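Read off the chains here:
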Amino acid sequence: MTPAAASAQTEQQLLHSERSLYREVMVYQKRDLRCMCFTRNCRVGRQSCMDVRAPDQFVLNYTRMMMGSLYVKPQPQSILIIGLGGGTLPRALAQILPQAVIDVVEIDPAVVRVAAAYFDFHVSDHVRVTEMDGRVFVRRALRGERRYDLIMLDAFDHEYIPEHLLTQEFLREVKRLLAPGGVVAANTFSSSRLYDHESVTYASVYGTFFNLKRENRVIIAAEGPLPSAAVLQANSAIHARELTAFGVDAEQLLPLFAGRPDWNPRARILTDQYSPANLLNLGDE
Amino acid sequence: MPVLLCYLIAGWSGFFVMAVELLGGRLLAPTFGSSIYVWGAIITIFMLALSLGYLAGGRYSMHSPSVRRLGVLLVAAAVAVLPVLIWGEPMLDATSIHVPDPRFGSLLAATVLFFIPTFFCGMISPYAVRLLVTEAGSSGRHAGQLYFVSTFGSAAGTLLTSFYLVLILEVNQILLTLLIISVALGLLAVAREHRL
């Protein structure tokens, strides 16, 4: 073994690389940590990560915050997830809620293949995957009169959320797709100029929402009134045991629900007519 | 002066085509998504319309060509964008319901919305060549200069639209601005010819 190869043993190793219609889907592993990336050496962000020794432990913090939606809607029967990645969220939800029907929409067939081969994600009677653009799926589901109790927005390309999945019109479509009392959880970034624009856009559609912030920001909004802190606390006990197995701890998660609006309310709302999201995302503030 | 106007119209039409093409992607995304084949459909239709426009523009230039008619072509291209502004959304919705496959749906939608304006834009370059060329010896130079102006215009239209205009204006506002400039430039050519 050459010295270079030896040092690569402790550095991240490329396990798999697959060219798709959209990008190169790569799987890197460093010790026990395996990640799906769309850029070489995971230079710009990791799509999904898994601890190969403990596949059920969440690695990325945002996944824990996304599961916070179960504190708002503890027993969703129908779930829609837009953006598969390594399949961390559908895998966890299928274990916690074995009766729920989970629809996953993923635009890139290569991501679906890689999730199955490297991230232990499998379709079943209850977990279905549709290879389609998320917005096209939502529009069709609306035409088909379908409704979901819980919708998770987690569609990312190598940079950020695609621009047509950030607009007021899209969020209205998502809201219409919610069953009465349904809940939407969206994974977003917490820095950059885009933060203000995204926040006011969500506020324009959902009014107030829970604003959970760590490295990422997760928005949890509802079709209907938001539950009180007491109800959240009570709901957090319902799946506590299963969630703990994934590394989701109510004591860490509950305080994040108290996050207050911290954005510029005069920022311009993103619409289908005005959505330069990727340009706005360039500038940090 | 008519020479300058010919180059100006050719350059602007290059700008116009690429700006509309980029915004076309924006307009189709809510209905058909931003998959690679949606962009493929848009580019295909623009290229197809331009190629047929070149053919038609060359033919059209054989019958009493004038700067006035060149201006009319530009006005026609601009006016053909109006339906996009007025009925764009219902047209896209109707297309996606009748042709649910996003590949052929976006191909059809791009055809309906953008074929005609792009076709008129395509007519402009060969028509302008006919107006500029006075003798066979300099025809290559004139054609080269015209390609330069028109393709440079396209580069400028692409850059300005994707880097800056979408940050400032809504898609329809940009389209309306492009349309107004086109009509103004076209009418300038029409008016100038009258005075001559």
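Refer to the preceding data block for the structure.
Counting of residues starts from 1 at the beginning of each chain's written sequence and follows it residue by residue. Written order decides the labels, with chains lettered from A and ligands numbered from 1. A pLDDT threshold of at least 70 governs which residues receive local features in this predicted model, and a stricter bar of 80 or more applies before side-chain atom pairs are shown or counted, although totals over entire chains, interfaces and linings include all residues.

1. Some points on the packing of helix α4 (residues 82-98) of chain B against helix α5 (residues 102-132) of chain B
Residue and element names in this part refer to chain B.
Here is step 1: Geometry is summarised by axes, namely lines fitted to C-alpha atoms with helices restricted to the contacting stretch, and by angles between N-to-C directions that run from 0 to 180 degrees. Think of it this way: any DSSP run of H or I at least four residues long counts as a helix, any run of E at least two long counts as a strand, and we number them from the N terminus. With their axes 10 Å apart at the nearest point, α4 and α5 run at an angle of 155° to one another. Accordingly, the angle class assigned to the pair α4 and α5 is roughly antiparallel. Here α4 and α5 pass one another in a crossing that is right-handed. Contacts between α4 and α5 involve Val 84, Gly 88, Met 91, Leu 92, Thr 95 and Ser 96 from the former and Gly 105, Leu 108, Ala 109, Val 112 and Leu 113 from the latter.
Here is step 2: A breakdown of the residues in the contact of α4 with α5 according to their chemical character gives seven nonpolar, four polar and no charged. An angle below 35 degrees is treated as roughly parallel, one above 145 as roughly antiparallel, one from 65 to 115 as roughly perpendicular, and anything else as oblique. It is the rotation of the near helix from the far one that decides the hand of a crossing: anticlockwise by less than a right angle makes it left-handed, clockwise makes it right-handed. Note that contacts rest on C-beta atoms placed from the backbone: two residues are in contact if these are within 7 Å. Residue polarity follows a fixed list, in which Ala, Val, Leu, Ile, Met, Phe, Trp, Tyr, Cys and Pro are nonpolar, Asp, Glu, Lys and Arg are charged, and the others, Gly among them, are polar.

2. Overview of the sheet that holds strand β5 (residues 78-82) of chain A
All names here are of chain A.
Here is step 1: As summarised here, the arrangement of the seven strands in space is β7-β6-β5-β8-β9-β11-β10, forming an open sheet in which the pairing is mixed. Across the chains shown, the open sheet's two edge strands, defined by having one partner strand only, are β7 (127-131) and β10 (210-213). Recorded for the sheet is a direction-independent mean angle of 15° between the axes of neighbouring strands.
Here is step 2: As paired strands, strand β6 (residues 101-106) and β7 are joined by five bridges and run parallel to one another. Counterpart to Glu 106 in the pairing with β7 is Glu 131. In this analysis, strands are considered paired if DSSP registers two or more bridges between them.

3. Quick word on helix α6 (residues 139-168) of chain B
Residues and elements named next belong to chain B.
Here is step 1: How far a helix is expected to stretch is found by multiplying one less than its residue total by 1.5 Å. With 30 residues, α6 extends 41 Å from end C-alpha to end C-alpha; this agrees with the ideal 44 Å at 1.5 Å per step.
Here is step 2: We define the bend at any residue as the angle between the axes fitted to the seven residues before and including it, ending there, and the seven starting there. Largest kink in α6: about 50°, centred on Thr 161.
Here is step 3: Buried, partly exposed and exposed are defined by the number of other C-beta atoms within 10 Å of a residue's own C-beta, namely 20 or more, between the two limits, and 12 or fewer respectively, with C-beta atoms placed from the backbone. Within α6, burial applies to His 142, Leu 146, Val 149, Ser 150, Gly 153, Gly 157, Thr 161, Leu 165 and Val 166.

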